[in-house]
Amino acid sequence: MQPSHADAVLASDIHDVAELQAGHGEYVVGCLACSRDRGGPFLSSAPTEVAGDSDEVVLCSFACDERRLLTLHASPFVGLSEALRSAECDCPAANASSHSEGVKALSAAALLCALVCFTCEARLPDTTPLVTEVDCIDEMMMLVAPGKSDQTDMLRRVALLRRRLSSTTRQLRAKEGLLQELVGPTMRTSFVSRDASVVSSYREAFDELWPVLECLECASDAVNHASLNFMYAISMRMSQASAGFDYQMMIINKIVTVCLPANLLCSLFGMNCRVAWQADEQADLRAFWGIIGLISLWLAVCLFRPVRDFLRWRGA
């Protein structure tokens, strides 16, 4: 193995990849993201809800040729012991004489296939909590009252859920790409996927992975639609509030227009100039009260309809 290939195997920033190297003998190098084995019989095989936590991920680097498989990992992970037991019992490459020798008689390609398939299966998340949370958010979205605290809390919940869905989908997409690469034309012409049973195992693992990805994609679409509905509801409330303000301004403009002649008449009598029906020309206040009555009648007739419409709008 060349030094650059060894550095690529030991790199911790790239995972769920495999690359076939033709120089110095045919071999394949790569890295797997695996679930950490906690040691218990139930905790080790329990699928995690979100596969993006760094504390729950163990990177297993591997280098494989036709005779041997080398794995490098910092701690035990789910799928290693299962792959060894499955390779001992179910590998078609082992004949009757090789059963007595155990794993040593198995082909490295079959052992790599078992390791990849079991680690991919162990990384499949339980989508039930995510789908349930998506359904709850979808139902509550249109029931959120227009308020600063409620809307902020709902947007925070949607952002966290979208982040979890995106992280889980990204992890599974990497597994999907790894499985597709291992059954690609280049790998089928090499020792990695030359055996038909190995290709069949990879395809079975891919068939188990694909429904989970479809479920996560549907959940992501549901969250996006719920977010759009929430934004549409906010826009609708803003449009309703804007329409209400416009109607109030129309009523106010009508009232101001009706009161304008009365204001002009009052301002005319308040000016320092000679007008009709002054006190020094009239013996009583009949002219004054006549003007007041005329203004009151004008206001009563003209303001009846705007006030009635405003009261009906407030009561609706």
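Residues numbered from 1 in each chain as written. Predicted model: local features only at pLDDT ≥ 70, side-chain atom pairs only at ≥ 80, totals over all residues. Heavy atoms only, no water.

With that out of the way, let us pick up the overall build of the protein chain. Scanning the protein chain from terminus to terminus reveals eight helices and four strands. When its helices and strands are written in sequence order, the protein chain yields α-β-β-β-β-α-α-α-α-α-α-α. Going through the 316 residues of the protein chain one by one, you find that 34% of them count as buried. If you take every contact in the protein chain between residues at least 6 apart in sequence, the share linking residues at least 24 apart comes to 71%. Total accessible area on the protein chain is roughly 19000 Å²; 60% of this is exposed by carbon and sulfur atoms. (Helix = DSSP H or I, 4+ residues; strand = E, 2+ residues; numbered from the N terminus. Buried < 20%, exposed > 50% of the residue type's maximum accessible area, 1.4 Å probe, protein only. Contact = heavy atoms within 4.5 Å. Areas by Shrake-Rupley, 256 points an atom, 1.4 Å probe, with all protein chains shown as cover.)

For the structure shown, the criterion picks out three aromatic pairs. Both rings, one in F206 and one in W210, keep their centres 6.2 Å apart while their planes meet at 20°; by these two values the pair is stacked. Of the two residues, F206 and W210 both sit in helix α7 (residues 196-270), four residues apart, roughly one turn of that helix. Relative to W313, the ring of Y247 lies with its centre 5.5 Å away and its plane at 35°, an arrangement referred to as tilted. Of this pair, Y247 sits in helix α7 while W313 sits in helix α8 (residues 286-315); the two residues are 66 residues apart in sequence, bridging distant segments of the chain. Of the aromatic side chains, those joined through ring pairs into one cluster are Y247, F310 and W313. (Phe/Tyr/Trp six-rings, centres within 6.5 Å; stacked < 30°, edge-to-face > 60°.)

Taken together, four strands build an open sheet; the order of strands is β1-β2-β3-β4 and the sheet is antiparallel. In this open sheet, the two strands that pair with only one neighbour each are β1 (17-21) and β4 (69-73). The sheet shows a mean angle of 15° between the axes of neighbouring strands, taken without regard to direction. In this structure, β1 lies alongside strand β2 (residues 27-35), joined through five bridges in antiparallel fashion. Directly across from L20, in β2, lies its bridge partner V28. Across the sheet, helix α3 (residues 108-122) touches β2, β3 (57-64) and β4, and the angle it forms with β2 is around 25°. (Pairing = 2+ DSSP bridges. Axes fitted to C-alpha atoms, helices over the stretch in contact; angles between N-to-C directions.)

For α8, which comprises 30 residues, the first-to-last C-alpha distance of 41 Å matches the rise-based estimate of 44 Å (1.5 Å per residue) to within 8%. At L303, α8 shows its largest kink, close to 45°, and the proline P306 lies no more than four residues downstream. Listed in full, the buried residues belonging to α8 are I291, I295, L303, P306 and D309. Buried residues along α8 sit against α7. (Expected span 1.5 Å × (residues − 1). Bend = angle between axes of the 7 residues up to and from the residue.)

What follows covers the pairing of β3. Here β3 lies mainly inside the structure; seven of its eight residues are buried. With eight bridges connecting them, β2 and β3 associate as antiparallel partners. Bridge pairing links V28 to C64 in β3. In terms of strand pairing, β3 meets β4 through five bridges, oriented antiparallel. When the bridges of β4 are listed, C60 appears paired with H73. Two successive antiparallel strands, β3 and β4, enclose a turn made up of four residues.

Counted according to the given criterion, the structure contains eight salt bridges. A salt bridge links R157 to D153; the shortest N-O distance between them is 2.9 Å. One end of the pair, R157, and the other, D153, are both in helix α5 (residues 148-182), four residues apart, so they sit about a helical turn from each other. Assessed through its relative accessible area of 38%, R157 is described here as partly exposed. (Salt bridge = Lys/Arg side-chain N within 4 Å of Asp/Glu carboxyl O.)

Let us now look at the UniProt feature "transmembrane region" (unreviewed entry) in the protein chain. In the numbering used here, UniProt assigns the feature "transmembrane region" (unreviewed entry) to residues 287-304. Counting secondary structure, residues 287-304 comes out at 100% helix and 0% strand; the distance between its end C-alpha atoms is 26 Å. (UniProt positions renumbered as here; feature names shortened; annotations may be inferred.)

Note on placement: S35 falls in strand β2. A residue is classified by how much of its surface remains accessible, and S35, at 6% relative accessible area, is buried. Ignoring sequence-local partners within four residues, the contact set of S35 consists of E56, F77, V78, A122 and R123.

To continue, consider the nonpolar core. Counting 50 residues, the largest nonpolar core has V28, L32, V116, L165, L182 and Y202 as the members making the most contacts within it. Residue assignment for this core shows that the elements contributing at least two residues are β2, β3, α3, α4 (128-140), α5 and α7. Residue contributions to this core peak at 13 residues, all from α7. Sequence-distant contacts of L182, defined by excluding residues within four places in its chain, comprise A18, V116, M187, V192, S193 and Y202. (Core = buried A, V, L, I, M, F, W, Y, C linked by side-chain atoms within 4.5 Å.)

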